[in-house]
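# Coordinates in review
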Amino acid sequence: MGSNRVEDEGSIGSAVSSRRHADNEPYKVGVPPKQNLFKEFKFTFKETFFHDDPLRPFKDQSKSKKLLLGIEALFPIVDWGRRYKLSMFKGDLIAGLTIASLCIPQDIGYAKLANLDPNFGLYSSFVPPLIYAFMGSSRDIAIGPVAVVSLLLGSMLQKEIDPKHKVEYQRLAFTATFFAGLTQFALGFFRLGFLIDFLSHAAIVGFMAGAAITISLQQLKGLLGIKTKAFTKKTDIVSVMRSVWTTVHHGWNWQTIAIGVSFLAFILFTKYLAKRNKKLFWMPALAPLISVIISTFCVYITRADKQGVQIVNHIRRGINPPSLDEIHFTGSYLATGFRIGIVAGMVALTEAVAIGRTFATMKDYQIDGNKEMIALGTMNVVGSMTSCYVATGSFSRSAVNYMAGCNTAVSNIVMSLIVLLTLEVITPLFKYTPNAILASIIISAVVGLFDYDAMILIWKIDKFDFVACMGAFFGVVFVSVEIGLLIAVSISFAKILLQVTRPRTAVLGKIPRTSVYRNIQQYPEAAKVPGVLIVRVDSAIYFSNSNYIRERILRLLADEEEQLKANSQQRIQFLIVEMSPVTDIDTSGIHALEDLYKSLLKRDIKFVIANPGQVVIDKLHASDFANTLGEDKIFLSVGDAIMTLAPKLEP
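The structure displayed is predicted, hence computed values, not measured ones.

### Quick notes on the overall build of the protein chain
When its secondary structure is counted, the protein chain shows 27 helices and eight strands. Across the 651 residues that make up the protein chain, the buried fraction comes to 52%. Sequence separation of 24 or more characterises 81% of the internal contacts of the protein chain that already satisfy a separation of 6 or more. By element, 63% of the accessible surface of the protein chain is carried by carbon and sulfur atoms, the whole surface being about 31,100 Å². Distance from the positive charge centre (67 side chains) to the negative charge centre (53 side chains) of the protein chain: 8 Å.

### Some points on a positive patch on the surface
Positive charge collects at one region of the surface, where K39, K42, K46 and K59 lie side by side. Mapped onto the fold, K59 is located in the loop between α2 (37-49) and α3 (63-74).

### Concerning the packing of aromatic side chains
Enumeration according to the criterion identifies 18 aromatic pairs in this entry. Their ring planes at 85 degrees and their centres at 5.6 Å tell us that F120 and Y123 sit as a pair that is edge-to-face. Highlighted residues: F120 and Y123, both in helix α6 (residues 118-123), separated by three residues, approximately one helical turn. Across this residue pair, the class does not change: F120 and Y123 are buried. Taken together through their ring pairs, the aromatic side chains of F178, F179, F329 and F338 make up a single cluster. In this structure, R139 is placed above the aromatic ring of Y365, and the distance from its NZ or CZ to the ring centre is 4.0 Å. Just above the ring of W459 sits the side chain of K463; from NZ or CZ to the centre is 4.7 Å.

### Concerning the UniProt feature "domain: STAS" (unreviewed entry) in the protein chain
The UniProt entry lists residues 522-645 under the feature "domain: STAS" (unreviewed entry), expressed in the numbering used here. Between the C-alpha atoms that bound residues 522-645 the distance is 25 Å, and the span itself is 48% helix and 15% strand.

### Observations concerning the packing of helix α5 (residues 86-113) against helix α19 (residues 435-446)
How two helices sit against one another is set out by the angle between their axes and by the gap between those axes. Two elements in contact, α5 and α19, have axes separated by 9 Å at closest approach and are oriented at 95 degrees. Taken together, the axis directions place α5 and α19 in an arrangement best described as roughly perpendicular. Here α5 contributes P105, Q106, I108, G109, Y110 and K112 to the contact with α19, which in turn contributes N435, L438, I441, I442 and A445. Of the residues in the contact of α5 with α19, the class split is seven nonpolar, three polar and one charged.

### Overview of unusual backbone geometry
Of note, D60 is a non-glycine position whose phi angle comes to about 55 degrees, a positive value. Positionally, D60 belongs in the loop between α2 and α3.

### Focus: the pattern of salt bridges
Under the definition given, this model contains 19 salt bridges. A salt bridge links E560 to K528, with the shortest nitrogen-to-oxygen separation between them at 2.7 Å. With a gap of 32 residues between them, E560 in helix α23 (residues 546-566) and K528 in the loop between β4 (517-519) and β5 (532-537) connect regions that are remote in the sequence. Here E560 falls in the buried class, since its relative accessible area comes to 9%. K528 sits in the partly exposed class, given a relative accessible area of 35%. K619 is paired through a salt bridge with D584; the nearest N and O atoms lie 2.9 Å apart.

### Structural notes on the side chain of T505
Mapped onto the fold, T505 is located in strand β3 (residues 505-510). Its relative accessible area of 17% is what places T505 among the buried residues. Here R552 takes part through its side chain, which lies 3.2 Å from a polar atom of the side chain of T505. Dropping the residues within four chain positions of it, T505 is found in contact with V535, R536, V537, R552 and L556.

### Regarding the confidence of the model for the protein chain
Averaged over all residues, the pLDDT of the protein chain equals 90, while 96% of them reach at least 70. When pLDDT is averaged over each helix and strand of the protein chain, the minimum, 44, is found for helix α1 (residues 2-20) and the maximum, 97, for helix α7 (residues 127-135).

### Looking at helix α10 (residues 201-218)
Under the 1.5 Å per step criterion, the end-to-end length of α10 is 25 Å for 18 residues, consistent within 8% with the ideal 26 Å. Among the 18 residues that make up α10, 14 are buried, leaving the element largely enclosed by the rest of the structure.

### Quick word on the pairing of strand β6 (residues 574-578)
β6 sits mainly inside the fold: five of its five residues count as buried. With burial as the criterion, each face of β6 is covered, one bearing F574, I576 and E578 and the other bearing L575 and V577. By the bridge criterion, five bridges tie β5 to β6 in an arrangement that is parallel. Considered in β6, the bridge of L533 is made with L575.

### Comments concerning the environment of L486
Of note, L486 is situated in helix α22 (residues 481-501). Separated by 422 residues in sequence, L486 and S64 place their C-alpha atoms 48 Å apart.

### A short note on the sheet that holds strand β8 (residues 634-635)
Taken in spatial order, the six strands of this open sheet run β4-β3-β5-β6-β7-β8, and their pairing is mixed. Two strands in the sheet have a free side with no partner beyond their single neighbour: β4 and β8. Across the face of the sheet, α23 comes into contact with β3, β5 and β6 while running at roughly 150 degrees to β5. Packed onto the sheet, helix α24 (residues 587-602) meets β6 and β7 (606-610) and runs at close to 140 degrees relative to β7.

### What about the side chain of E578?
Assignment of secondary structure puts E578 in strand β6. Buried charged residue E578 carries no salt bridge. Nearest counter-charge: R536, at 4.9 Å. Here the side chain of E578 touches S580 through a polar contact of 2.7 Å, side chain to side chain. In this structure E578 touches L508, V535, R536, V537, A610, N611 and V638, once residues within four positions along its chain are discounted.

### Concerning the environment of A558
Within the secondary structure, A558 is located in helix α23. Judged by its relative accessible area of 33%, A558 falls in the partly exposed class. Spatially, the C-alpha atoms of A558 and I572 are 9.9 Å apart, while their sequence positions differ by 14 residues.

### Side note on a nonpolar patch on the surface
A cluster of nonpolar residues, F194, L195, F198, V489, F493, I496 and V500, forms a patch on the protein surface that exposes about 490 Å² of accessible area. On the secondary structure map, F194 appears in the loop between α9 (166-189) and α10. On the basis of relative accessibility, which here comes to 35%, the residue F194 falls in the partly exposed class.

### Structural notes on the nonpolar core
Looking at soluble globular proteins, one finds that nonpolar side chains tend to be buried together. Within the largest apolar cluster, 79 residues are counted, with the highest numbers of intra-cluster contacts made by L153, F207 and I215. If we skip the residues at most four places from it in the chain, I215 touches L113, A147, V148, L151, I442 and V446. Listed in part, the 34 residues of the second largest apolar core include L554, L564, I605 and I634.

About the thresholds
- Residues numbered from 1 in each chain as written.
- Predicted model: local features only at pLDDT ≥ 70, side-chain atom pairs only at ≥ 80, totals over all residues.
- Heavy atoms only, no water.
- Helix = DSSP H or I, 4+ residues; strand = E, 2+ residues; numbered from the N terminus.
- Buried < 20%, exposed > 50% of the residue type's maximum accessible area, 1.4 Å probe, protein only.
- Contact = heavy atoms within 4.5 Å.
- Areas by Shrake-Rupley, 256 points an atom, 1.4 Å probe, with all protein chains shown as cover.
- Lys, Arg positive; Asp, Glu negative; His and termini not counted.
- Charge placed at Lys NZ, Arg CZ, Asp CG, Glu CD.
- Patch = residues over 30% accessible without salt bridge, like charges linked within 9 Å, V, L, I, M, F, W, Y side chains within 5 Å.
- Salt bridge = Lys/Arg side-chain N within 4 Å of Asp/Glu carboxyl O.
- Phe/Tyr/Trp six-rings, centres within 6.5 Å; stacked < 30°, edge-to-face > 60°.
- Lys NZ or Arg CZ within 6 Å of the ring centre and 35° of its normal.
- UniProt positions renumbered as here; feature names shortened; annotations may be inferred.
- Axes fitted to C-alpha atoms, helices over the stretch in contact; angles between N-to-C directions.
- Parallel < 35°, antiparallel > 145°, perpendicular 65-115°, else oblique.
- Nonpolar A, V, L, I, M, F, W, Y, C, P; charged D, E, K, R; others polar.
- Polar contact = N/O pair within 3.5 Å; in protein donor to acceptor, adjacent residues only side chain to side chain.
- pLDDT = per-residue confidence, 0-100.
- Expected span 1.5 Å × (residues − 1).
- Pairing = 2+ DSSP bridges.
- Core = buried A, V, L, I, M, F, W, Y, C linked by side-chain atoms within 4.5 Å.

As structure tokens, then:
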């Protein structure tokens, strides 16, 4: 699409050129004035790190106004809080209560997924949402633990410390959370948010789908009532299924299966109803809490825990205890926590920013990615000091928050206060909650992560993207979450490298009854100009692809000459390289053009350049290649070049 747009611009330039010059003299390619090095560096630096011009609101403002704007930039709540109306609170209150009813049972389950006690999941839905409400710029995102990050953190932590050693395991979890927050904060503060864009959408879809399968398989332990000791600590599908089938005769508990499967069916049925009728969005939001209440009551009155039904048991009562002194700032676990924190922080950040952008687009407002990173980083750093593990934006809760009619981040504050009430008063009531219910809630929550529609679309659009998607998916399912993530990142980088090192080129022909030149593969009716080969390069020319481009053009020339010779047609006398898509060129690119020029001289073929951009023509003149080639061989458009060269063609 981009190349077509460039072609259109080239044809417009050709039309303008012909209108301006009644005498058919070609319009000379403009040579830009010499750029100031400092100004050029300043422009490049600004476009790289400050493309959104964050300091624009501060221009021509008084000191007091600048101070207020600075506070608003750091704490957006100061800005929207002044415009907050009581009428908006109704929507925020309903949304906050709704997502609280969803997050409480989920948090207990997600904490188990991270091999932590249930109270740590609740802690992570109390402090982080409060911090985010003051610093975040999204109105709809709901903050708390999420399944994928919990699984990733748990699988990486248990490789270092056995979860049975609770104190040391928790200390490493807090350390990883601290460095996850520090990573997120640093990316936002130094405006390096573009780094998360290197993980392609296709890779994320595959990674999330693989994580959904892995998380669901992990929940078979609770759903079937298998004892923890008999179940593997590995996350790959082969190890998990081996553990499941080897315990089929002596490890499964039929009461647990009945509870888990029946309530899983109930939760999934409410999701189905809500999908059919958007007004019933509250049903899947309340279903997990209703399931917990009913199942807990049933287990309590029947004492099913005496018959092998595993229950949550004790959940520590009270608010988050401080944990600053438990973070490893020295010692052997410092580097381990740093490594795990970076990985968990990047995954959490990718998920949160994607969710924030999705809902911002739906409500037609803007979020600042770098501010989001600072907010997420701050809440995780503070969270690590208050017994929380990595929190981020939850898609399921954010969707419910959106559907419930939230207006601002006050819904997060309401949710946080409900969690506080739960920690102070209600936690003892969860003692008889069966683990099977938590497994059902987690499975129902991660079902939506398997986006098969997106996979089908990826297959239709880009097969290489589909390879990246499947690579990440199978890496997570058959090896581990970390390997799946590594594959996702590796394939994303491989795609970038492939596109940079192997750019597309096209042979152009003239569309009948027009002066427009197009790719002959896209337009088979386009006619080649006798004696002229027109090649378009669809990329900047850098050291990484310059040799390939030179060799590719010579290969196209050789193929064309071979075909002409076989048909006894006029030989190629001019090679025109259409350079409108070439946005930049470096020293290696200039050398490649010089080598191409020399190769063509030996074959008695004239080298012509059409429509070079400002940066390219500037560098061609700076290197003196423009003089070597000749000003009469550089044209504004392919049409101008053909018009000028046609009389010079030998019969």
